[in-house]
Each structure stands twice: as structure tokens, then as C-alpha cells.
Amino acid sequence: MAKLTLASVDTLRTRFTDDAACDAALSAFADPAAARAPLRELVEAQHRYLQAEHEVAQVADILRRDQKYAPVGRPSVHIVQLRKQQATTKQAALIARQVVAQAAQTFVRVSGLAVKAKQSPSEASAAWLGTLR
């Protein structure tokens, strides 16, 4: 199973703007037309989540780099601003993950995607999206 990347989800986003491409991807399910909107919402939510995770990693790298050479003692204003930015981006990533979970739950319910035991709908839908690339 390939892990979803920002580029692969972006490709899926552009591909699923067309109804025929959505229906082709959903052809294994009972009602492709009904699952079209939840699929688009799921792909959009995955894209926002991966973008948020990328931003969290970038801010963490900058903060790590700048803290490495910071003088001992009270943190500078720059470091404090970076810590606030890190907290904000982490919060945005958590919210994006919740949106992905809700979109995955809706998609699984509408499409009838099989979810294995001890597997969340988010994991099942991400694995299914990974096979579409």
C-alpha cells in the first residue's frame, strides 16, 4: 500500500473534477452517482490535511534550526513567534484530521466501502485512494 502524498492527492483532485472519472473510480460500488460528492469531499479533505501536515513540518524545521543557535536564557521574540506559529499550525492539522475522519465516515457509509476489523474509515479510505493513483 502506497502512502498518500500531496502530489498524488492533488492529481486525484484534478482528475475527479470530471464526473466520468469519478464514476469510473466508483464503478465497483452500488451507486456511483451518490458517492461522487462524498468522494470529492474526501479527496479535498485529504489534500487540506496533507497540506497542514507539511506546514507543521516546515515550522518545526525552522524552529529547530533557530533554537539550535539561540543564546541561553530568555527566548527571543522571533523564537516566541515561531512557537506560536507552531501551535497554530498543529491546531489546524488536528482540525484537518477531524474533517478527514468525518469525510471518510460519510464516504464509507454512502459507498459501502469494506472496512476491515481494527481499521478506521480514514485508514480504509486512504488505502482505497492509494490504489487509484
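Source: prediction; values computed, not measured.

Time to look at the overall build of the protein chain. Scanning the protein chain for helices and strands turns up five helices and zero strands. If you list the helices and strands of the protein chain from N to C, you get α-α-α-α-α. What you see for the protein chain is a C-alpha radius of gyration of 19 Å, clearly larger than the 14 Å of a compact globule of 133 residues, by over 25%. Each principal axis of the C-alpha atoms in the protein chain carries an extent, and together these give about 65 × 30 × 25 Å. A total of about 8,300 Å² of accessible surface is found on the protein chain, and carbon and sulfur atoms cover 55% of it. Of the charged side chains in the protein chain, 18 are positive and 12 negative; the average position of the first set lies 11 Å away from that of the second.

Right, let's talk about the packing of aromatic side chains for a bit. Each aromatic ring pair is characterised by the separation of its centres together with the angle its planes make. Taken as a whole, this structure holds three aromatic pairs when the rule is applied. Site record: aromatic cluster; members linked through ring pairs are F29, F107 and W128.

The next subject is unusual backbone geometry. The backbone phi angle of K118 is positive, close to 65 degrees, even though this residue is not glycine. Looking at where K118 falls in the secondary structure, it is placed in the loop between α4 (77–111) and α5 (121–132).

On to the pattern of salt bridges. What the rule picks out here adds up to eight salt bridges. D23 is the partner of R36 in a salt bridge, and the nearest nitrogen-oxygen pair spans 2.9 Å. Residue R36 is found in helix α3 (residues 32–68), and its partner D23 is found in helix α2 (residues 19–25); the two are separated by 13 residues along the sequence. Judged by relative accessible area, D23 falls into the partly exposed class, the value being 25%. A salt bridge links E44 to R48; the shortest N-O distance between them is 4.0 Å. Placement of the pair is E44 and R48 together in helix α3, with a separation of four residues, close to one helical turn. On the accessibility criterion, R48 (43% relative accessible area) is partly exposed. Here the residues in one salt-bridge network are D10, R13, E44 and R48, joined through shared partners.

What counts as what
- Residues numbered from 1 in each chain as written.
- Predicted model: local features only at pLDDT ≥ 70, side-chain atom pairs only at ≥ 80, totals over all residues.
- Heavy atoms only, no water.
- Helix = DSSP H or I, 4+ residues; strand = E, 2+ residues; numbered from the N terminus.
- Rg over C-alpha atoms; globule rule 2.2 N^0.38 Å.
- Areas by Shrake-Rupley, 256 points an atom, 1.4 Å probe, with all protein chains shown as cover.
- Lys, Arg positive; Asp, Glu negative; His and termini not counted.
- Charge placed at Lys NZ, Arg CZ, Asp CG, Glu CD.
- Phe/Tyr/Trp six-rings, centres within 6.5 Å; stacked < 30°, edge-to-face > 60°.
- Salt bridge = Lys/Arg side-chain N within 4 Å of Asp/Glu carboxyl O.
- Buried < 20%, exposed > 50% of the residue type's maximum accessible area, 1.4 Å probe, protein only.

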